[in-house]
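One-letter residues, chain by chain:
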Amino acid sequence: FYIMDGEKPDFPPQSFDAIVTRKMTWALPNLSRTYQNWHGLLKSSGILINFDADYCREEPPASLPKHHAHQDVGEDLMREYEHMKDLLRPTQQPRPGWDAELLTLAGFSHITIDTGVWQRIYMEEDEFYDPTPGFAIAARA
């Protein structure tokens, strides 16, 4: 594992056949630049697969199961999370449509969006349940 800037990873051009991310891109302040940088890291036949959600526009869940993934997250951390969303929201457009636009501008093609993936992953409200509708995007370099 390497610790580095997710928006501009320090790897040589065309280093990867695939880049896979999960619940990361929503929190990046410059997603347009990120997708451009990631495009350059992929080989010409490479693919980006991004699983995420529009967390800046999420609705508070009506209810959560007794044992859920964030049950032990303290109030201070939740306040930081909400503050982060407040800072990012004005800089982002609704997702995943915005992602498709940015990916196209970055040079990606064959972009597919699956907005039902979260329903197949979270078929029941257990301790791993995430109530925010997630999406998957695949795009070719």
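Scroll up a little and you will see the structure.
First, a word on scope: everything that follows refers to the structure included in this document. (Residues numbered from 1 in each chain as written. Predicted model: local features only at pLDDT ≥ 70, side-chain atom pairs only at ≥ 80, totals over all residues. Heavy atoms only, no water.)

Some words on the overall build of the protein chain
Piece 1. Per the secondary structure count, the protein chain includes four helices and four strands.
Piece 2. Its helices and strands in sequence order give the protein chain the pattern β-α-β-α-α-β-α-β, from N to C terminus.
Piece 3. For 141 residues, the compact-globule estimate of 2.2 N^0.38 gives 14 Å, and the protein chain sits close to it at 16 Å.
Piece 4. Taking the principal axes of its C-alpha atoms as reference, the protein chain extends roughly 45 × 30 × 30 Å.
Piece 5. Relative to its full complement of 141 residues, the protein chain shows a buried share of 35%.
Piece 6. Taking contacts inside the protein chain between residues at least 6 apart in sequence as the whole, the part at least 24 apart equals 77%.
Piece 7. As presented, the protein chain carries roughly 9,000 Å² of accessible surface, and 56% of it is formed by carbon and sulfur atoms.
Piece 8. On the protein chain, the mean spot of the 13 positive side-chain charges and the mean spot of the 22 negative ones are 5 Å from each other. (Helix = DSSP H or I, 4+ residues; strand = E, 2+ residues; numbered from the N terminus. Rg over C-alpha atoms; globule rule 2.2 N^0.38 Å. Buried < 20%, exposed > 50% of the residue type's maximum accessible area, 1.4 Å probe, protein only. Contact = heavy atoms within 4.5 Å. Areas by Shrake-Rupley, 256 points an atom, 1.4 Å probe, with all protein chains shown as cover. Lys, Arg positive; Asp, Glu negative; His and termini not counted. Charge placed at Lys NZ, Arg CZ, Asp CG, Glu CD.)

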